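# A look at the structure
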Amino acid sequence: MATDLMQMQGNAQGLSDWDKEHDDTLVCIDIHQETHDVRSFTFASLEGKRFSFESGQYFLFDIPVGNDVEARCYSISSSPHRPNTFTVTVKRVANGRASNWLHDNLATGTKLKAQGPLGHFIRPRDTARKLLLLSGGSGITPVMSIVRDLADRCEPADVIFVHAARTPLDLIFRQELSWLASRMKGLRLHFLPEGVDGEPSWPGLTGRISPEFIKLAVPDIADRTVMCCGPAPFMAAARSITSALGVHPANYLEESFDATVVDEAAIAPAEIPGNKVFQVEFSKQARKIEVSSEQTVLSSAKKSGVRLPSSCSNGVCGTCKSKLLSGSVEMNHNGGIRQREIDAGLFLPCCSKPLSDLVVDR
Ligand code: FES
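Residues numbered from 1 in each chain as written. Predicted model: local features only at pLDDT ≥ 70, side-chain atom pairs only at ≥ 80, totals over all residues. Heavy atoms only, no water.

### Considerations on the overall build of the chain
Summing up its helical and strand segments, the chain has eight helices and 18 strands in all. Taken over C-alpha atoms, the radius of gyration comes to 22 Å for the chain, in line with the 21 Å a tight globule of 362 residues would show. With the principal axes as the frame, the chain shows a C-alpha extent of 65 × 55 × 40 Å. On the chain, roughly 17,100 Å² of surface is accessible, and the fraction owed to carbon and sulfur atoms is 50%. (Helix = DSSP H or I, 4+ residues; strand = E, 2+ residues; numbered from the N terminus. Rg over C-alpha atoms; globule rule 2.2 N^0.38 Å. Areas by Shrake-Rupley, 256 points an atom, 1.4 Å probe, with all protein chains shown as cover.)

### With respect to helix α3 (residues 140-153)
Taking 1.5 Å per residue, 14 residues should reach 20 Å; α3 reaches 20 Å between its end C-alpha atoms and fits that length. Within the sequence span of α3, burial applies to I140, T141, P142, V143, M144, S145, I146, V147, R148, D149, L150 and A151. A positive backbone phi angle near 55° is found at C154, which sits one or two residues after α3. (Expected span 1.5 Å × (residues − 1). Buried < 20%, exposed > 50% of the residue type's maximum accessible area, 1.4 Å probe, protein only.)

### As for the sheet that holds strand β7 (residues 130-136)
Reading across the sheet, the five strands line up as β9-β8-β7-β10-β11 and stay open at both edges, with parallel pairing between neighbours. Among the strands making up the open sheet, the edge pair consists of β9 (187-193) and β11 (252-255). Here the average twist between neighbouring strands, direction ignored, is 15°. Inspection of the sheet shows strand β10 (residues 224-229) paired to β11 by four bridges, in the parallel sense. Within β11, the position partnered with M227 by the bridge is L253. Lying on the sheet, helix α4 (residues 174-183) is in contact with β8 (159-165) and β9; it crosses β9 at an angle near 150°. Against the sheet, helix α6 (residues 232-244) makes contact with β7, β8, β10 and β11, and its axis sits at roughly 180° relative to β11, the strand it touches most. (Pairing = 2+ DSSP bridges. Axes fitted to C-alpha atoms, helices over the stretch in contact; angles between N-to-C directions. Contact = heavy atoms within 4.5 Å.)

### So, the packing of aromatic side chains
Two descriptors summarise a pair of aromatic rings, namely the distance from one centre to the other and the angle between the planes of the rings. On inspection of all chains with the given rule, the structure shows ten aromatic pairs. An angle of 45° between the planes, with centres 5.2 Å apart, marks the rings of F43 and F61 as tilted. Taken together, the positions of F43 in strand β2 (residues 38-45) and F61 in strand β3 (residues 58-65) put the pair 18 residues apart, joining distant regions of the chain. Judged by centre distance (5.9 Å) and plane angle (35°), the rings of F43 and F86 are tilted. Here the residue F43 occupies a position in strand β2, and F86 occupies one in strand β5 (residues 86-91), the gap between them amounting to 43 residues. Exposure remark for F43: the relative accessible area of 1% places this residue in the buried category. The structure contains a cluster of three or more aromatic residues connected by ring pairs, namely W18, F43, F51, F59, F61, Y74 and F86. The ring of F173 carries R148 above its face, with NZ or CZ at 4.8 Å from the centroid. (Phe/Tyr/Trp six-rings, centres within 6.5 Å; stacked < 30°, edge-to-face > 60°. Lys NZ or Arg CZ within 6 Å of the ring centre and 35° of its normal.)

### Observations regarding the side chain of D24
Secondary-structure assignment places D24 in the loop between α1 (2-12) and β1 (25-35). Polar contacts involving the side chain of D24 include one to the side chain of T25, which spans 3.1 Å. Those residues in contact with D24 that lie beyond four places of it in its chain are W18, L112, K113, A114 and R307. (Polar contact = N/O pair within 3.5 Å; in protein donor to acceptor, adjacent residues only side chain to side chain.)

### Brief notes about the nonpolar core
In this structure, L133, V147, F161 and L177 are the most contacted members of the largest nonpolar core, which totals 26 residues. Tallying contributions element by element places α3 first for this core, with seven residues. Grouped together as the second largest cluster of nonpolar side chains are 22 residues, F59, Y74, V88 and L106 included. (Core = buried A, V, L, I, M, F, W, Y, C linked by side-chain atoms within 4.5 Å.)

### Focus: the side chain of D170
With respect to the helices and strands, D170 occurs in the loop between β8 and α4. Given a relative accessible area of 9%, D170 falls into the buried group. Of note is the side chain of D170, whose polar atom sits 2.8 Å from the side chain of T167. Excluding its chain neighbours within four sequence positions, the residues that come into contact with D170 are T35, H36, D37 and A165.

### What to know about the sheet that holds β5
Across the sheet, which stays open at both edges, the six strands sit in the order β4-β3-β6-β1-β2-β5 with antiparallel pairing between neighbours. Only two strands of the sheet have a single neighbouring strand rather than two, namely β4 (68-75) and β5. Neighbour to neighbour, the strand axes of the sheet diverge by 40° on average, direction disregarded. Where helix α2 (residues 97-105) meets the sheet, its contacts fall on β2, β3, β4, β5 and β6 (111-118), and the angle it forms with β3 comes to roughly 80°.

### Considering unusual backbone geometry
A cis geometry characterises the amide bond from G116 onward to P117, with omega recorded as 0°. Turning to its location among the elements, P117 is positioned in strand β6. In this structure, N95 takes a positive phi of about 65° despite not being glycine. Of note, N95 is situated in the loop between β5 and α2. By relative accessible area, N95 is classed as exposed at 76%. Of note in this structure, A286 is not a glycine but carries a positive phi near 50°.

If you want it as structure tokens, here you go:
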């Protein structure tokens with residue numbers, strides 16, 4: 001551990017940058033208890049490299065649970081203006097294997113593999129744009145990174161931030177946000193606990209987000225770009241309320257890691273009668289595998305130990321987006337890729353089956 005830290009510090013003098021295509025080893029350097037069931041974990045590169053990320057992005061971690069390795073996305077909660085480390089903030093979830101492992105086993109000095117930064121939940125760069133940040137529960141993490149980013153930039157901003165939680169004791173970053181709101185002239189903050197368990201003297205409004213609450217807190221909502229992150233029911237409510245109040249779909253961004261993971265049966269390609277089997281090459285990793293016409297490129301790659309970033313495995317999130325250097329695929333995505341990206345030769349391996357031999361730029 002001491003040797004690792006010395007190595008990190010020594011290499012830090014060289015100030016090289018974390019390369020998301022090649023670097024993958026992090027070391028935990030700090031753990032902070034945020035609320036009764038939420039902790040922040042701060043990571044550095046083992047080689048002291050600097051991270052370049054946008055607020056709103058995430059890392060995909062390999063969490064060693066028992067004999068398995070489970071891939072989990074955790075949004076960065078820290079500011080991109082502190083590039084020597086980044087922090088993720090994780091809520092302990094009942095029966096959540098990965099989150100429980102992090103809370104129970106991760107210590108300073110623990111090394112973990114991770115890929116990133118990834119994700120497209122990124123604030124529009126137009127500084128004249130008025131924002132409404134909406135978060136529920138631990139969905140606050142990417143939104144907190146955005147607020148810290150804005151605070152560090154000291155740019156003029158017009159931001160309303162509504163954060164909902166179960167009780168006042170579940171309001172993550174409550175103190176820091178209140179302090180930031182007292183300093184950032186363009187930030188208006190509204191906490192909305194559902195009930196007051198644990199803090200009966202709570203002075204503000206309580207309840208779930210509703211059209212009435214949003215109209216009161218955000219009277220000019222139709223003029224704002226909305227960025228929302230939280231549990232699926234929270235986001236569904238936010239989407240329908242903001243749309244009914246005049247927010248154009250193009251001005252509504254959301255982040256979710258709730259999408260269902262498709263776990264395909266482990267069948268060797270040649271075992272299914274009538275299947276064609278194609279050669280798929282991953283050029284950067286110098287790996288070639290066989291993929292049947294009935295299996296997705298991602299599922300076969302995973303079974304063969306080829307490293308590809310992924311999250312939803314369902315064509316939603318865009319995490320696995322890769323360049324197809326040659327060959328063709330049948331892709332059934334769910335919005336995780338744009339037509340112009342497809343036109344530029346990109347595809348989503350998680351929802352693509354080969355129609356020919358392929359060469360993938362990974
Ligand atoms: S893993 Fe989400 S789109 Fe492929």
